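Letter by letter, the chains look like this.
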Amino acid sequence: GAVVGELANRTTAGEVRVRGNNAFTLAEGATHVVTSDNNCKIAFTLAEVLITLGIIGVVAVLTLPSVIQKHQEKITVNRLKAAYSILSQAFQRAITENGTPDTWGMGAMNDPRSNIIMGNTFVPYLKLTRNCIGQSSEYTEKNCSITRNNPKYYSNIVLANGTSVAFRNWTGSCNFFNFGSEVCGQIAVDINGMQKPNENGKDIFDFYITKTKLVPF
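The present account deals with the structure reproduced in this document. (Residues numbered from 1 in each chain as written. Predicted model: local features only at pLDDT ≥ 70, side-chain atom pairs only at ≥ 80, totals over all residues. Heavy atoms only, no water.)

### Quick notes on the state of the cysteines
A full pass over the atoms with the stated rule returns two disulfides. Across a sulfur-sulfur distance of 1.9 Å, Cys-132 and Cys-144 are joined as a disulfide pair. Its S-S torsion of approximately 85° makes the covalent link between Cys-132 and Cys-144 right-handed. Of this pair, Cys-132 sits in the loop between strand S3 (128–131) and helix H4 (137–143) while Cys-144 sits in the loop between H4 and strand S4 (155–159), placing them twelve residues apart in sequence. We classify Cys-132 as buried; its relative accessible area is 2%. For Cys-144, a relative accessible area of 0% translates into the label buried. Two residues, Cys-174 and Cys-184, share a disulfide whose sulfurs are 2.0 Å apart. Here the disulfide of Cys-174 and Cys-184 is right-handed, its torsion about the S-S bond being about 110°. Separated by ten residues along the polypeptide, Cys-174 in the loop between strand S5 (164–169) and strand S6 (176–178) and Cys-184 in strand S7 (residues 181–190) bring together distant segments of the chain. Like Cys-184, Cys-174 is buried. In the protein chain, numbering the disulfide-bonded cysteines from first to last in sequence yields the connectivity 1-2, 3-4. (Disulfide = S-S within 2.5 Å. Helix = DSSP H or I, 4+ residues; strand = E, 2+ residues; numbered from the N terminus. Buried < 20%, exposed > 50% of the residue type's maximum accessible area, 1.4 Å probe, protein only.)

Pasting the structure below:
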């Protein structure tokens with residue numbers, strides 16, 4: 001114990017120092033020893049944090065619009081698919097029970113009575129929240145459709161999922177030839193109802209009515 005104590009107090013170069021249970025040799029010319037703390041913690045400076053946050057902000061500004069657009073496009077596609085499925089199933093049931101549209105008793109284009117017949121033939125096979133068929137433009141604009149609400153050209157309903165639907169007869173004989181199909185009429189859907197933007201290709205889309213199926217424009 002005395003020998004160890006003596007060695008521990010020597011500071012000449014090359015001699016042994018003892019601290020706790022660790023022994024080491026001083027280098028030539030050394031006057032003191034620096035020990036390290038194995039529990040030291042590394043932290044970021046304020047400047048580093050601010051720089052990092054700035055980079056994250058720039059990346060967010062560049063990428064978020066694209067992410068939001070893709071998300072909105074997905075919502076639009078899903079809503080349009082749902083509207084097409086609902087109306088197609090209703091149309092097939094209408095054909096099964098009432099025959100093809102050329103037997104429904106519709107006349108020429110821009111005949112309000114024919115638009116009413118078309119709409120009323122679909123209605124029994126659909127779940128609705130509002131029915132504006134046969135109503136005035138003012139009533140229809142307030143309750144069913146912002147854009148296509150003239151009863152001379154359309155008859156309007158709102159589906160249970162909020163989709164606004166406008167039916168239009170083109171010809172009762174279904175002989176209006178367009179894009180390779182014999183067209184009977186047209187269905188316009190606004191997939192978010194009365195909400196904006198109410199623009200073609202954004203939330204308003206159209207289907208042809210043929211004798212046997214609905215065809216997207």
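The structure having been displayed, the exposition proceeds.
### With respect to the side chain of Asn-169
With respect to the element layout, Asn-169 can be found in strand S5. Within the structure, Asn-169 has its side chain in polar contact with the backbone oxygen of Gly-107 (distance 3.0 Å). Setting aside residues no more than four positions away along its own chain, Asn-169 makes contact with Met-106, Gly-107, Ala-108, Met-109, Asn-110, Ser-114, Asn-115, Met-118, Cys-184 and Gly-185. (Polar contact = N/O pair within 3.5 Å; in protein donor to acceptor, adjacent residues only side chain to side chain. Contact = heavy atoms within 4.5 Å.)

### Observations concerning helix H3 (residues 112–122)
Those residues of H3 lying buried are Ser-114, Asn-115, Ile-117, Met-118, Gly-119, Thr-121 and Phe-122. Buried residues along H3 sit against helix H2 (46–98), S4, S5, S7 and strand S8 (204–210).

### Re the environment of Asp-190
Mapped onto the fold, Asp-190 is located in strand S7. Counting along the chain gives 25 residues from Asp-190 to Val-165, while the straight-line C-alpha distance between them is 6.5 Å.

### Thoughts on unusual backbone geometry
In this chain, Lys-196 is followed by Pro-197 through a cis amide linkage whose omega measures 15°. Secondary-structure assignment places Pro-197 in the loop between S7 and S8. Even without glycine at this site, Asn-110 takes up a positive phi of about 65°. Positive phi, close to 55°, is recorded for Cys-174, a residue that is not glycine. Residue Cys-174 is classed as buried on the basis of its relative accessible area of 1%.

### Regarding the pattern of salt bridges
Summed over all chains, the structure comprises four salt bridges. Measuring nitrogen to oxygen at the nearest pair gives 2.6 Å for the salt bridge that ties Asp-206 to Arg-148. Note that Asp-206 is positioned in strand S8 and Arg-148 in the loop between H4 and S4, a separation of 58 residues in sequence. The buried category is assigned to Asp-206, whose relative accessible area is 11%. With relative accessibility at 13%, the residue Arg-148 sits in the buried group. A salt bridge links Glu-199 to Lys-202; the nearest nitrogen and oxygen atoms lie 3.2 Å apart. (Salt bridge = Lys/Arg side-chain N within 4 Å of Asp/Glu carboxyl O.)

The analysis is restricted to geometry; functional conclusions fall outside its scope.
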